[in-house]
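Fold and geometry: a report
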Amino acid sequence: MADRNKVKLVQALVGAVVLTVLMQGMTLLGMLQYIWMLFLPLLMFFALGADFKKIPDMLIGYAVGELWCVINSLVSGAFGAAFGDNPLLSQLIPTILVIFCILTVHENLFEGQVFSNIPCIFMGMATSFMMLFMQVPITYFHLFGFWCYGLVLAVCLVLSGMAVCSAIFGKERAMAALAPKAPEGK
């Protein structure tokens, strides 16, 4: 078995143990039904390149997404009050306006700034919609807490895997094995 595969196997085992143990916090808090939400920031963290420097943007983006959900609810409520049972005017138009505003503000005005993490903004908005539409007994603060805890899990996963792999294989060997592999043909 190649060094890269050995290191990744150890990293996978450490990651599985660390994530499983740390997720038990949700069980202890009586929120087992929301444990799946801890995987959303993990997914986003790794999709964004597992870069610790992006964590502040991820936190702010998520909170901004929650705020946009509130704005969407206010705009939809206003349009619903004005246009009643007309689904085009009371539901579709307000949603188009809000999404247009999100993309315009965050991709144009805040491009490259801390407020421009569109994937996390939409994740914050989407999970907030889930909370509102499913009428679950949690708040925006709970959602943000789940997001933060999921990012803690991501950090612990990376750091613990690196620490154990470095202890077993040596830091240089572990770093070399865990470095992104270049695509074939390049």
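In what follows, the structure referred to is the one given above.
This report concerns the structure included in the present document. (Residues numbered from 1 in each chain as written. Predicted model: local features only at pLDDT ≥ 70, side-chain atom pairs only at ≥ 80, totals over all residues. Heavy atoms only, no water.)

1. Details of the overall build of the chain
Tallying secondary structure elements over the chain gives 7 helices and 0 strands in all. Ordered by position in the sequence, the α and β elements of the chain form the string α-α-α-α-α-α-α. The globule rule puts the C-alpha radius of gyration for 186 residues at 16 Å, and the 20 Å found for the chain is more than 25% above it. Overall, the chain is about 65 × 45 × 25 Å in size when its C-alpha atoms are taken along their principal axes. Relative to its full complement of 186 residues, the chain shows a buried share of 34%. Sequence-distant contacts in the chain: of pairs separated by 6 or more residues, those separated by 24 or more amount to 68%. (Helix = DSSP H or I, 4+ residues; strand = E, 2+ residues; numbered from the N terminus. Rg over C-alpha atoms; globule rule 2.2 N^0.38 Å. Buried < 20%, exposed > 50% of the residue type's maximum accessible area, 1.4 Å probe, protein only. Contact = heavy atoms within 4.5 Å.)

2. Looking at the environment of Cys120
Here Cys120 is to be found in helix α5 (residues 118–133). Overall, Cys120 belongs to the buried group, its relative accessible area being 0%. Through-space distance from the C-alpha of Cys120 to that of Phe45 is 9.7 Å; in sequence the pair is 75 residues apart. Excluding its chain neighbours within four sequence positions, the residues that come into contact with Cys120 are Met44, Leu48, Met58, Gly61, Tyr62 and Trp147.

3. A look at helix α6 (residues 140–169)
Between its first and last C-alpha, α6 extends 43 Å over 30 residues, near the 44 Å set by a 1.5 Å rise per residue. Sitting at the head of α6, Thr139 places a side-chain oxygen 3.2 Å from the backbone nitrogen of Phe141. Downstream of α6 by one or two residues, Gly170 has phi in the positive range, about 90 degrees. (Expected span 1.5 Å × (residues − 1). Polar contact = N/O pair within 3.5 Å; in protein donor to acceptor, adjacent residues only side chain to side chain.)

4. Quick notes on a nonpolar patch on the surface
A cluster of nonpolar residues, Leu13, Val17 and Val21, forms a patch on the protein surface that exposes about 290 Å² of accessible area. You can see Leu13 is positioned in helix α1 (residues 3–28). Looking at Leu13, the relative accessible area reads 58%, which means it is exposed. (Patch = residues over 30% accessible without salt bridge, like charges linked within 9 Å, V, L, I, M, F, W, Y side chains within 5 Å. Areas by Shrake-Rupley, 256 points an atom, 1.4 Å probe, with all protein chains shown as cover. Salt bridge = Lys/Arg side-chain N within 4 Å of Asp/Glu carboxyl O.)

5. A few points about the nonpolar core
With 28 residues, the main nonpolar core has Tyr34, Met58, Leu143, Phe146 and Trp147 as its most contacted residues. Elements with a minimum of two residues in this core: α1, α2 (39–47), α3 (55–83), α5 and α6. A per-element tally of this core places α6 first, with 7 residues. Core analysis: the next-biggest nonpolar cluster, separate from the first, contains 10 residues, Met162, Phe169, Ala177 and Leu178 among them. (Core = buried A, V, L, I, M, F, W, Y, C linked by side-chain atoms within 4.5 Å.)

6. Observations regarding the environment of Asn86
Among the secondary structure elements, Asn86 is positioned in the loop between α3 and α4 (87–109). A polar contact is formed between the side chain of Asn86 and the backbone nitrogen of Leu89, at a distance of 3.2 Å.

7. Digging into empty space enclosed by the protein
A probe matching the size of a water molecule, rolled over the atoms, marks out where space remains unfilled. Per the counting criterion, the structure on display carries 1 cavity of 30 Å³ or more. In this structure, the largest cavity occupies an estimated 40 Å³ of space. As for the largest cavity, its lining consists of Met37, Leu40, Pro41, Tyr62, Thr127, Leu143, Phe146 and Trp147. Sorting the residues of the lining of the largest cavity by element identifies α2 and α6 as the ones contributing at least two each. For the lining of the largest cavity, the element with the highest residue contribution is α6, accounting for 3 residues. Class assignment for the residues of the lining of the largest cavity results in 7 nonpolar, 1 polar and no charged. (1 Å grid on protein atoms, 1.4 Å probe; cavity = no way out; pocket = protein on both sides within 12 Å on 5 of 7 lines; lining within 4 Å. Points joined across faces, edges and corners; volume = space filled by probe spheres on them. Nonpolar A, V, L, I, M, F, W, Y, C, P; charged D, E, K, R; others polar.)

8. Describing the layout of surface pockets
In this model, the largest pocket occupies a volume close to 510 Å³. Residue lining of the largest pocket: 16 residues in total, with Gln11, Ala50, Val158, Met162 and Leu178 positioned closest to the centre. At the level of secondary structure, the elements contributing two or more residues to the lining of the largest pocket comprise α1, α6 and α7 (171–178). Tallied by class, the residues present in the lining of the largest pocket amount to 12 nonpolar, 3 polar and 1 charged.

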